[in-house]
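# Coordinate inspection notes
Chain by chain, the residues:
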Amino acid sequence: MSYSRYEPPALKNSVDVQLQTAFNDGNWNTAVRLAEKRFKALKDPYYEVIKISAESQLDGTAEKCAVLVAIDKLVKGKTVPDFDTLSLYEWASDGLLHHSDYAQTLGTLRARWVKANPKNPNAVQCLQSCLEYWDLVNAQQIAATMDRAFPNSSDRKYMFWSITLTFLLSISPQCVEATRKLYSQLALKQLERAADITESSPKVEPTDRGLLTEQEFDLYYRVLLTHGTKDEFLRRMQSPRLGALAQLKEGRKNLFWETLGVLEGWGEWDRIFELCREALNLGIQGSTPTFFACDWQVWKKFAVAASKAKNDEAALSEVQGVLDKFVSIKDKATEMYKKNISLTLLETTFRLPTSTLSPNPDHKGSTPRVTQLILFLVNYFDKLSAFDDVKDYVAQLTFEEAKFFMENALPKMLGEEPERVKQVILKALQCKLQYLLTTCPQTLSNHPSVVDGVDQDKPYRCRFCSELASLPCEHCLKKIIVEASETYMEISADSELVGLIPRLDKDPRLDLALVMVNSLLKLGGLRQRGSDVAPSPLRDVDSSLFLQAVLLLDTQLKATPADMGLRLLLVQLYLLLGCVSYAHQIWAPMDVKRTIQDALGPLFFDRISSISPGLFLGGKPLMEPLRHHYSHSLHDACPLRIWDAFSSGSYSSILEMSDYDSKLRRSCTLMMTLVEERQATKCFGGKTELEIDDLPLAENIVDETTLVNKTDYGSFTNLESCHGPPIQDFVRLGPELSNERAHLGFLTEQYLDLLSFKAPKDYKPARPNEVALKERSYLTERLAHLNNSLTNFIHQAETPSRLTGAELTYYTIVSLLSGGLLTGLTTTRTDAVPQTLPLLTAAIRSAFAGLRTVFLTSSNGVSTPPTANIFASLTDMHTMALLRATALAIKHSAAFMLSVHEKELARDRSGKTALHKDILVEMKALDQLAGKALGEIKTHVQKLKTALGEGGWLDRVLEWTFGDEGGEDEVAKAVGEVVGGRGGAEEWAGKLLESWREGVKGWGTVRLE
Amino acid sequence: MANFRRFRPDDLNKLSKCNLDPLTETYELGFYLQYHAKWPSLFQVAEDQHGNIIGYIMGKLESSPDVYQFSEHYLPWHAHITAVTVAPEARRLGIGKLLSEQLEAAADENDAWFVDLFVRSTNHRAIAFYKSMGYSVFRVVKDYYGDHSSDPTQSSEDAFDMRKPTKRDVKREHIRDDGEKYEVDPTDVW
């Protein structure tokens, strides 16, 4: 566009200098006066347009809105408006006209103008304007008009803009259902025609209407996949001009890449096999750069497809044949491709039918799979990614193979390694693999639940150590900890070795520490949590082992501060401990900012207000960077930078950016940001400026919107096998962000907003009775909607697994409260009390009592002087926070109902419209119950504060961590060695204590009424 | 293990392995999307087996504004490497080299005269890497960076403008053997 949406467009040159100056300088009163004068003198309607536009900048509502009236008049008038008028009105109405109204107003006018002036260069500006408001209806019309005006232009964009917009419209909610099919077919047919031209022409010229650029091809296949048939897609794939292989020969890899994904989705493995083979052979034949198609995914899919073939042995041998060709030339390849080839050898071996594996009769586990693993490790064991590269294969080994691998093959490899520094790297890898195997079920055998009439508490026997075991084997975990600690100390004691570490990819002690930490966490009983297990994350966990894990990781952080996997894990553990201020200190250096916040923000901020609201107190608003990211990125209705993609002819980018934008607007992290901030604000009695559903960032979120969780766990060091959940599922406070939780949080905030709404003091309606009736009707309608939505989400089958136990209670009670309020408002004192009401209040009482009991179980442990029981309280602020939130929701609901009752009594002295006294009695009883719980919270926080103020805390924390001095078991001793014993842990204990104190201090300032 | 492909906006949710590294800058969303929108073939990524991005390169195609056509500092149509990064765990596998080669191929396809990039004059490792790839110093931009990467007492640092000719530059007209002797001001760089 020639002007910014936020700066006024230039006036026509014919306008006199005086008016130009006033307008450009923003002297709006003068501009209005001069424009009016010129209009009267010259009768040129353009001056009236200037006047109306200038008026839009004045303060008066009538003046401001004149432009809307003018636009409306133009729309209804059916005449073609002047282009400059449109530019001026678009600028003037910015901020007054909601973007969703654009299509019916300015968008319509823009399309009308272009239809009348299809060849005018300003048509492009009209298209851009419509796109900025994401008005696809009129943008499509404009693009189609322009395409018709320039049917064989060398500027191919007109044709492809039209097709792209027709397609975008066909998949957009802006498209009315009656025309959706029409637009779908229109986009598809136009592209099919283009594809036919390309297929049948020896050479496509820019003026032809065929497919020419890679972006045009990509667009065709995207549309074909959406609106076409599978047969047509497969047919085109065979085409010597249009197929993926043909494009690959042109140096265009994208279609080939996408096709593999599509075929996999359809289960077309034979076709994948063919395609991969041909693509890889192109490199050998010299039709593409040699290693052009040698991506890991291609090799992997090739091998998987072969293993699914009818004659899998023959197919795998074919894979081997292609692979051999590349092995023979792999010296020419970069390290990355060499590694891909080595991994393919491994993959192919693991794809061979087990019947073809001929184990050594002396060593049942000595199979080609183990041999191939060792061959791979010989080349790559010292690389950072070695463990990740082999872990899935190791997890597939049979027990016999795993035993041979761990007890023969790896020790042999270690024995043959001459370099000391590489020996320790290998030892660290061995520890990681040992840990991995404890998470694999094939290493355990079932053990009878009753032996000799005695119940057995462990269901398995470990096949490695022969001890009775749970999953994982405790004996093996202890052994891993001790061995890892020994290796760790061995390295630290060897100054020559320590001096060599900076030259390595990674300090092997970091790996050893991580293995020890994971083993300690498992040994301590940490497991994945949902609402179906213990309410507090650490309640059933051995606090001593957990604290040892944290201490160990904290100690390692000082040695390897740049390792982000370690840092992320430590942040999670401190959040579980309730040491939020300290967790924040560890989080901050990661500098999670700008674009990556959507994916990484939840790793610190999710549920933060429920653990330590005090963190929100202080200078800079805690979540401002997140909010800024969304406000900035989603400011306009259109996807960010979309016009750049249109003007550059990047059609697949347009589709991808549009999809990304849609998901960002539905981000669970966005909703988390809004909800967490509001909850924290309310904790300290702060006022929220707008109701949550009035916030621009939430304006399009309705119940049917699927909110998307995009949390990035890629940087966690995950030592778990594919047989169980990944590490992040163990160390989170509760289930990750989800559509269900995000909606429940959003709806609950709406409910609370409704309860806290107060009309401005100077609001005195002229007809109070009529207004009161309307208000009550609005309240009823709103409550019915909220109750319906909350109930729907609560009752979805997946919801309990998406929430912590405390959250499930909270949202259930809020849902019941909204139902109770609805019943209250619709039952006057003369009506019979609905039978559902006692059931509803009983359900609230019961759920609330359950939550209160959980809270009291941990809070009763707080005594002076403090005992180990206080640990349960300090690590379960979440339950207390949710109990407080629930109690306040009950109190506010009761207060709201009473206030409606009193207002009705004041309005109608007959009392006919007042609420039913039985309902009021029920609500008052609930209010008392909530009040009592809030009192208990207050007392509890005070007790915690007093207990944390007591002396002897450092010794206490060390005792919790290591047990009685001198009485440490082998595990505690192994950890103690690495962290420098109790002496080395004192500073850490101090930080822990300080952070707990800060957290409780913050809770002391939280409002409880 | 890695795959090389064109960037997709969804990759922004998988950047942690690269962008949590302190040496990698994280930009506003619009910055990444601008490159994806305007020069999609010059924005390439390497991903691991889990879809995590372990390396990426962002580049653009441009020339100096026409108004400078007769200036000695005028830059004809060329590709520019804006950012290239590889995650710590994926280093020493040649991923940076492969990404750069892909961008160079895209530059050739778009008929560019050369590929250029800016690097701190004290970043010897990066300079050696680019030299091994066929880049050479074309000019030194004095005090281009407003800080110094290794000496906190200095308030600025020079940049090397390094170039590699593409197929179009058959006569090698756009590179110099002694570029380190040519010093320019930041104001001469557009």
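Residues numbered from 1 in each chain as written. Chains lettered and ligands numbered in written order. Predicted model: local features only at pLDDT ≥ 70, side-chain atom pairs only at ≥ 80, totals over all residues. Heavy atoms only, no water.

## Topic: the overall build of chain B
From N to C terminus, chain B includes four helices and eight strands. Along its sequence from the N terminus, chain B presents helices and strands in the succession β-α-α-β-β-β-α-β-α-β-β-β. In terms of overall dimensions, chain B is globule-like: its C-alpha atoms have a radius of gyration of 17 Å, near the 16 Å expected for 190 residues. The principal-axis extents of the C-alpha atoms in chain B amount to approximately 50 × 45 × 30 Å. Within chain B, buried positions represent 57% of all 190 residues. Within chain B, counting contacts between residues at least 6 apart in sequence, those at least 24 apart form 68% of the total. Computing the positive centroid from 23 side-chain charges and the negative centroid from 31, chain B places the two 5 Å apart. (Helix = DSSP H or I, 4+ residues; strand = E, 2+ residues; numbered from the N terminus. Rg over C-alpha atoms; globule rule 2.2 N^0.38 Å. Buried < 20%, exposed > 50% of the residue type's maximum accessible area, 1.4 Å probe, protein only. Contact = heavy atoms within 4.5 Å. Lys, Arg positive; Asp, Glu negative; His and termini not counted. Charge placed at Lys NZ, Arg CZ, Asp CG, Glu CD.)

## A closer look at the overall build of chain A
Counting its regular elements, chain A contains 47 helices and five strands. Here the C-alpha coordinates of chain A stretch approximately 105 × 90 × 55 Å along the principal axes. Going through the 1009 residues of chain A one by one, you find that 56% of them count as buried. Restricting the contact set of chain A to residue pairs at least 6 apart, pairs at least 24 apart contribute 72%. Carbon and sulfur atoms make up 51% of the accessible area of chain A, which totals about 41900 Å². Computed over 114 positive and 128 negative side-chain charges, the inter-centroid distance for chain A is 5 Å. (Areas by Shrake-Rupley, 256 points an atom, 1.4 Å probe, with all protein chains shown as cover.)

## A look at helix α23 (residues 474-493) of chain A
The terminal C-alpha atoms of α23(A), which comprises 20 residues, lie 29 Å apart, in line with the 28 Å expected from a rise of 1.5 Å per residue. Inspection of α23(A) places E474(A), C476(A), L477(A), I480(A), I481(A), A484(A), S485(A), T487(A), Y488(A) and I491(A) among the buried residues, and these make up the whole buried set. (Expected span 1.5 Å × (residues − 1).)

## Some remarks on the pattern of salt bridges
Counted under the stated rule, the structure contains 93 salt bridges over all chains. For R6(B), the salt bridge is made with E214(A), and the minimal N-O distance between the two is 3.9 Å. Of this pair, R6(B) sits in strand β1 (residues 3-6) while E214(A) sits in helix α11 (residues 214-227), which puts the two residues in different chains. Here the two residues R6(B) and E214(A) agree in accessibility, since each one is buried. Between R277(A) and E274(A) there is a salt bridge whose closest N-O contact spans 2.7 Å. With R277(A) and E274(A) both in helix α15 (residues 269-285), this residue pair falls three residues apart, about one helical turn. (Salt bridge = Lys/Arg side-chain N within 4 Å of Asp/Glu carboxyl O.)

## Points about the interface of chain B and chain A
Frequently, the measure chosen for interface size is the accessible area that the parts lose on association. Taken together, the 43 residues of chain B in the interface contact 55 residues of chain A. Sorting the residues of chain B by area buried against chain A places M1(B), R6(B) and L20(B) first, and these three jointly supply 17% of that buried surface. Linking chain B with chain A are seven salt bridges. The salt bridge partner of D505(A) is R92(B), with a shortest N-O separation of 2.6 Å. (Buried area = accessible area lost by both parts, 1.4 Å probe.)

## So, the sheet that holds strand β3 (residues 53-62) of chain B
Read across the open sheet, the eight strands follow the order β1-β2-β3-β4-β5-β7-β6-β8 (chain B); overall the sheet is mixed. Of all the strands in the sheet, the pair left with one neighbour each is β1 and β8 (183-184) of chain B. (Pairing = 2+ DSSP bridges.)

## A word on the confidence of the model for chain B
Per-residue pLDDT for chain B has a mean of 95; in total, 100% of the residues score no lower than 70. Scored as a complex, the prediction yields pTM 0.96 and ipTM 0.97. (pLDDT = per-residue confidence, 0-100.)

## A look at the packing of aromatic side chains
Residues and elements named next belong to chain A. Going through the model one piece at a time under the given rule, you end up with 43 aromatic pairs over all chains. Judged by centre distance (5.7 Å) and plane angle (75 degrees), the ring pair of F871 and W960 falls under edge-to-face. Linking F871 in helix α42 (residues 870-874) with W960 in helix α45 (residues 953-962), this pair joins segments that are 89 residues apart in sequence. Residue classification places F871 among the buried residues on the basis of a relative accessible area of 5%. Three or more aromatic residues joined by ring pairs form one cluster here, namely F150, Y158, W161, W643 and F646. (Phe/Tyr/Trp six-rings, centres within 6.5 Å; stacked < 30°, edge-to-face > 60°.)

## Some points on the UniProt feature "domain: N-acetyltransferase" (unreviewed entry) in chain B
UniProt records the feature "domain: N-acetyltransferase" (unreviewed entry) for residues 2-167 of chain B in the present numbering. Secondary structure within residues 2-167 of chain B divides into 23% helix and 33% strand; the distance between the first and last C-alpha atoms comes to 28 Å. (UniProt positions renumbered as here; feature names shortened; annotations may be inferred.)

## A look at the nonpolar core
Residue and element names in this part refer to chain A. Membership of the largest hydrophobic core comes to 378 residues, with the highest contact counts inside it found for F405, Y574, L577 and W996. When residues in this core are grouped by element, the largest group, 14 residues, is from helix α43 (residues 877-907). Residues within four places of W996 in sequence aside, it is in contact with L577, G578, C579, F871, L874, L948, W953, V957 and W960. (Core = buried A, V, L, I, M, F, W, Y, C linked by side-chain atoms within 4.5 Å.)

## Side note on helix α7 (residues 122-132) of chain A
At 3.6 residues per turn, the α-helix brings residues three or four places apart onto the same side. Residue and element names in this part refer to chain A. Summarising burial for α7: nine of the 11 residues are buried, a large majority. Those residues of α7 that sit buried are A123, Q125, C126, L127, Q128, S129, C130, L131 and E132. Buried residues in α7 make contact with α5 (83-92), α6 (106-116), α8 (136-149), α9 (157-170) and α33 (642-647). W134 sits one or two residues past α7 and shows a positive phi near 50 degrees.

## Focus: the sheet that holds strand β4 (residues 460-462) of chain A
All names here are of chain A. The sheet built from three strands is open, its strands ordered β1-β4-β5 with antiparallel pairing. Every other strand in the sheet has two partners, leaving β1 (444-446) and β5 (468-469) as the edge strands with one partner each. Relative to β4, β1 runs antiparallel, the two being bridged by three bridges. If you follow L444 over to β4, its bridge partner there is C462.

## Considering a nonpolar patch on the surface
Taken together, the side chains of V67(B), Y68(B) and W190(B) make up a nonpolar region of the molecular surface, amounting to roughly 290 Å² of accessible area. Tracing the backbone through its elements, the reader meets W190(B) in the segment after β8. (Patch = residues over 30% accessible without salt bridge, like charges linked within 9 Å, V, L, I, M, F, W, Y side chains within 5 Å.)

## Topic: the pairing of strand β2 (residues 43-47) of chain B
All names here are of chain B. Burial analysis of β2 places five of its five residues in the buried class, the great majority of the element. Side-chain alternation along β2 places F43, V45 and E47 on one buried face and Q44 and A46 on a second face that is also buried. Taken together, the four bridges between β1 and β2 define a ladder with antiparallel strand orientation. Residue F4 lies in a different strand from β2, and its bridge partner there is A46. The pairing of β2 with β3 spans five bridges and is antiparallel. Looking at β3, one finds that E47 is bridged to I53. Hairpin connection, β2 to β3: the antiparallel pair is bridged by five residues, and G51 has positive phi, about 85 degrees.

## Quick word on the state of the cysteines
All names here are of chain A. One pass over the full model with this rule turns up zero disulfides over all chains. Free cysteine: C276, not disulfide-bonded; nearest cysteine sulfur from C294 at 11 Å. With no disulfide of its own, C638 lies closest to C130 among cysteine sulfurs, the gap being 12 Å. (Disulfide = S-S within 2.5 Å.)

## Quick look at the environment of G983(A)
Take G983(A): it is sitting in helix α47 (residues 981-1004). Sequence separation between G983(A) and A887(A) is 96 residues; the distance between their C-alpha atoms is 44 Å.

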